[in-house]
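Report on the structure
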Amino acid sequence: MRTSEEELRALMMSGLDGNAGDHAALLRALVPLLTGFYRRRSPDSDIDDLVQETLIAVHTRRGTYDRARPFTAWLFAIARYKMIDHFRRGRGMVPMEGLEEILVIEGFEDASGARLDVDQLLETLPDKQARMIRATRIDGLSTAEAAERERIGESDVKVSVHRGLKMLIARVQGGSR
Amino acid sequence: MNTEQLIAELSRDVPRVPPGAIGRRLAIGLALGLAVSGILVVFGLGVRPDLGTAMHGFSFWMKWSYTISLSLVAIGATATLARPDAGRARWLWLTAIPVALLALVGVGELIRTPQTEWLKMWLGHSWTVCPWIVLALSMPIFVGLLWSFRTLAPTRLRAAGAVAGLAAGAFAASVYCLHCPEVSAIFVLTWYSLGIVLAASVGALVGPRLMRW
């Protein structure tokens, strides 16, 4: 059952005058109001917690109610503040939906960026050295496998990779591509 | 704890709250802070020796009217922002009136003074320390107001912090008038105001952190 502004205000005034019974009646009447308020605005959060926090605030800060002003405006100002404060405090622990997807996408960007760089660098090398580096360092073949695939000697692979890497290092350190 | 238990617990202690509780609470915090700042001025900096004669002169009252009127507007705005349902503190614009009046006095001074004296008049003897002293003297008052706010309910914390800082700065400047012998309006307009604005900035900076409830 909803209590009207006038009834709430009368209870509040009486509570401010020291009437504990009316104060309790006021807090009890606020529970459905606040529950509705929070359910409409933040259906996912812990509504009982918010309602209780707000009741405590209404009790401890009741001195800030100005008897000449509307009660519900005061009440909902507190409720709104408590809701924002609640979110702010919980922000460090909010589970993020779709976090894995975000991470995967971010990883993809990094990886593709790195691949672009490597491709650009390898293009500057003689074709054979580039192919050998790609085979052993990027595709992950062993020296023997690479030698077999390219039909050249293992030592040829090693020498090509070694020279190519040396040249790449010089390029990167020299800053030119 | 379920809600019914909580309500029973809270309703056990329902003291009477007389009207005007916000004002009283702020007044106590303000008075405590003012007492500390006053002691610092009287026993630390020292009251200006010619205070008795100065109080018969124009410039002392010019300074005091400026700082005290700023103080009153700022503390009024502070009381407004201590309520959760406070709207915008629109009448904070009233602070423009003392500023404008003091600026007028300043223009009058400049017209009467030869141009070669302007810089000396503007910097006075103490422009390097004046803003910092005002800021330092505002801190006890600001702390007093923060204490007041512990049972109040501001919902716009940065604004509440700023006006509380503004009030603290303006009251601190009023106390500092007991020591400071500077006489020119443009000095007060610049260096006193700078100290007051610094205090307000500190308030705006720490308000969201220290006024949470």
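Below or above, wherever it landed, is the structure these notes cover. Here the structure is a predicted model, which is why all the values come from computation and not from measurement. (Residues numbered from 1 in each chain as written. Chains lettered and ligands numbered in written order. Predicted model: local features only at pLDDT ≥ 70, side-chain atom pairs only at ≥ 80, totals over all residues.)

1. Examining the packing of helix α7 (residues 130-149) of chain B against helix α8 (residues 157-176) of chain B
Residue and element names in this part refer to chain B. Going by this rule: Between N-to-C directions, angles cover 0 to 180 degrees, with each direction set by a line fitted to C-alpha atoms, over the stretch in contact for helices. Strands here are runs of E lasting at least two residues and helices are runs of H or I lasting at least four, both read from the DSSP assignment and numbered beginning at the N terminus. These descriptions rest on fixed angle ranges, namely under 35 degrees for roughly parallel, over 145 for roughly antiparallel, 65 to 115 for roughly perpendicular, and the rest for oblique. The sense of a crossing depends on the near helix, which, turned anticlockwise from the far helix by less than a right angle, makes the crossing left-handed and, turned clockwise, makes it right-handed. Note that contacts rest on C-beta atoms placed from the backbone: two residues are in contact if these are within 7 Å. Each residue gets one label: Ala, Val, Leu, Ile, Met, Phe, Trp, Tyr, Cys and Pro are nonpolar, Asp, Glu, Lys and Arg are charged, and the others, such as Gly, are polar.
The interhelical angle for the contact between α7 and α8, taken along N-to-C directions, is 125 degrees, at an axis separation of 7 Å. Considering the angle they form, α7 stands oblique to α8. Handedness of the crossing formed by α7 with α8: right-handed. Residues I133, V134, L137, S138, I141, F142 and L145 of α7 form the contact with α8, whose own contacting residues are A164, G165, A167, A168, G169, F171, A172, A173, V175 and Y176. A breakdown of the residues in the contact of α7 with α8 according to their chemical character gives 14 nonpolar, three polar and no charged.

2. Here we look at the nonpolar core
Where we set the bar: For this entry, the nonpolar core is defined as buried Ala, Val, Leu, Ile, Met, Phe, Trp, Tyr and Cys residues connected by C-beta atoms within 7 Å. To assign burial, the other C-beta atoms lying within 10 Å of each residue's own C-beta are counted, with C-beta atoms placed from the backbone; 20 or more indicates buried, 12 or fewer indicates exposed, and intermediate counts indicate partly exposed.
Ranked by internal contacts, the top residues of the largest apolar core, which has 81 residues, are V134, V163, A167, A172 and Y176 of chain B. With 15 residues, α8 of chain B is the single largest residue contributor to this core. The residues contacting V134 of chain B, other than those within four sequence positions of it, are G169, A172, A173, Y176, Y192, G195 and I196 of chain B. Within the second largest apolar cluster, seven residues are counted, among which are M132, A135, A147 and V157 of chain A.

3. Observations regarding the interface of chain B and chain A
Taken together, the contact between chain B and chain A spans 21 residues of the former and 29 residues of the latter. Those elements that place two or more of their residues in the side of chain B that touches chain A are α1 (3-10) and α2 (21-45) of chain B. Across the side of chain B that touches chain A, the residue classes break down as 13 nonpolar, four polar and four charged.

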